[in-house]
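# Structural description and commentary
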Amino acid sequence: MSHVENSPAETASWTVAPEAVDSPVAAALWRAYYTEVSDRYYLLHERRRTAPEELEREIAAETGDDLRPPSGVLLVARYGGEPAGTAGVRLMGDMKGTSTAELKRVFLREDMRGKGGAALLLAAAEDAARALGAGQLILDTRLDLVEARALYARHGYEESEPLTERMYAECWYTKRLDPAAG
């Protein structure tokens with residue numbers, strides 16, 4: 001579990017810990033995640049929000065089973081004890097001779113952004129990937145998710161060639177994990 005104390009002016013602190021993928025906390029955060037990324041996509045491309053049936057279909061299609069131990073982990077960040085965000089890590093096998101894990105569902109609720117939680121969540125995900133035996137992390141994202149792309153770049157992720165085939169995957173990142181950093 002990771003823990004960061006905030007400045008004296010702030011009374012709340014961040015924690016990050018593993019969470020069961022089928023917990024009510026995970027379900028609520030994933031619903032918030034899918035609502036935001038789906039609405040952003042449809043507003044950009046079709047000038048509408050996600051239809052309720054589309055949202056329910058997408059949520060049901062992603063069970064999170066690939067984030068269950070022993071080959072995966074779901075992390076939940078809490079701010080002052082309140083669930084604020086998620087990051088998932090799953091082993092993928094070897095890629096170019098290096099044990100590889102995928103970073104998925106990195107998300108902070110909008111009202112929790114700007115408080116240092118994203119960097120803490122990303123560091124905890126990297127630690128989790130190392131604990132699973134990964135030497136590198138990969139991820140895919142969309143071009144319009146500029147905040148996420150900036151976060152990854154600030155933390156040493158480099159753009160790479162396409163690594164996965166998924167609808168909505170428009171750019172890919174990799175980061176070599178220093179075993180001593182964990």
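Computed from a predicted structure; not experimentally measured.

So, about the pairing of strand 3 (residues 72-79). The buried fraction of strand 3 is high, at 8 of 8 residues. Side chains Gly72, Leu74, Val76 and Arg78 project from strand 3 onto one buried face, and the interleaved Val73, Leu75, Ala77 and Tyr79 project onto a second face that is buried too. Of the strand pairs in this sheet, strand 2 (residues 14-18) and strand 3 are connected by 5 bridges, and their pairing is antiparallel. If you follow Pro18 over to strand 3, its bridge partner there is Leu75. The sheet contact formed by strand 3 and strand 4 (residues 82-95) spans 8 bridges and is antiparallel. Opposite Leu75, over in strand 4, you have Ala87 as the bridge partner. Hairpin geometry of strand 3 and strand 4 is characterised by an intervening segment of 2 residues between the two adjacent antiparallel strands and by a positive phi of about 60 degrees at Gly80.

Under the defined criterion, the tally for this structure stands at 21 salt bridges. With a shortest N-O distance of 3.4 Å, Asp66 and Arg90 are connected by a salt bridge. Residue Asp66 is found in the loop between helix 2 (52-61) and strand 3, and its partner Arg90 is found in strand 4; the two are separated by 24 residues along the sequence. For Arg90, a relative accessible area of 19% corresponds to the buried category. Salt bridges sharing partners connect three or more residues here, namely Glu62, Asp66, Arg90, Glu102, Lys104 and Arg105.

What follows covers the nonpolar core. Counting residues in each nonpolar core, the largest one holds 30 residues, and the members touching the most others are Trp14, Leu75, Val89, Leu103, Leu137, Tyr152 and Tyr157. Every element with two or more residues in this core is listed here: strand 2, strand 3, strand 4, strand 5 (98-108), helix 3 (117-131), strand 6 (136-141), helix 4 (146-154) and strand 8 (171-176). Sorting elements by how many residues they give to this core places helix 3 first, with 7 residues. Leave out the neighbours within four places in its chain, and Tyr152 touches Leu103, Val106, Leu122, Leu139, Tyr157 and Tyr173.

With that settled, the discussion passes to helix 3. Across its 15 residues, helix 3 extends 21 Å between first and last C-alpha, which sits within 8% of the 21 Å expected from 1.5 Å per residue. Positive phi appears at Gly133, one or two residues downstream of helix 3, with a value of about 95 degrees.

Here we take up the layout of surface pockets. Approximately 1200 Å³ is the volume attributed to the largest pocket. Lining the largest pocket are 44 residues; nearest its centre among them are Tyr33, Val37, Val106, Thr141 and Leu145. Of the residues contributing to the lining of the largest pocket, the split by class is 22 nonpolar, 6 polar and 16 charged.

Turning to the packing of aromatic side chains, a few remarks are in order. Applying the stated rule across the entire model yields 5 aromatic pairs. Ring geometry for Tyr152 and Tyr173: centres 5.8 Å apart, planes at 50 degrees, overall tilted. In this pair, Tyr152 sits in helix 4 while Tyr173 sits in strand 8, placing the two residues 21 residues apart along the sequence. By the burial criterion, Tyr152 is buried, and Tyr173 matches it. By way of ring pairs, the aromatic residues Tyr33, Tyr34 and Phe107 are connected into one cluster.

We now examine the confidence of the model for the protein. With 92% of its residues at a pLDDT of 70 or more, the protein shows a mean pLDDT of 87. Here strand 1 (residues 2-4) stands out as the element of the protein with the lowest mean pLDDT, 48, in contrast to strand 3, whose mean of 98 is the highest. Of the regions scoring below 50 in pLDDT, residues 3-10 engages in 13 contacts with residues more than four places distant in sequence or in other chains.

What counts, and where the lines are drawn
- Residues numbered from 1 in each chain as written.
- Predicted model: local features only at pLDDT ≥ 70, side-chain atom pairs only at ≥ 80, totals over all residues.
- Heavy atoms only, no water.
- Buried < 20%, exposed > 50% of the residue type's maximum accessible area, 1.4 Å probe, protein only.
- Helix = DSSP H or I, 4+ residues; strand = E, 2+ residues; numbered from the N terminus.
- Pairing = 2+ DSSP bridges.
- Salt bridge = Lys/Arg side-chain N within 4 Å of Asp/Glu carboxyl O.
- Core = buried A, V, L, I, M, F, W, Y, C linked by side-chain atoms within 4.5 Å.
- Contact = heavy atoms within 4.5 Å.
- Expected span 1.5 Å × (residues − 1).
- 1 Å grid on protein atoms, 1.4 Å probe; cavity = no way out; pocket = protein on both sides within 12 Å on 5 of 7 lines; lining within 4 Å.
- Points joined across faces, edges and corners; volume = space filled by probe spheres on them.
- Nonpolar A, V, L, I, M, F, W, Y, C, P; charged D, E, K, R; others polar.
- Phe/Tyr/Trp six-rings, centres within 6.5 Å; stacked < 30°, edge-to-face > 60°.
- pLDDT = per-residue confidence, 0-100.

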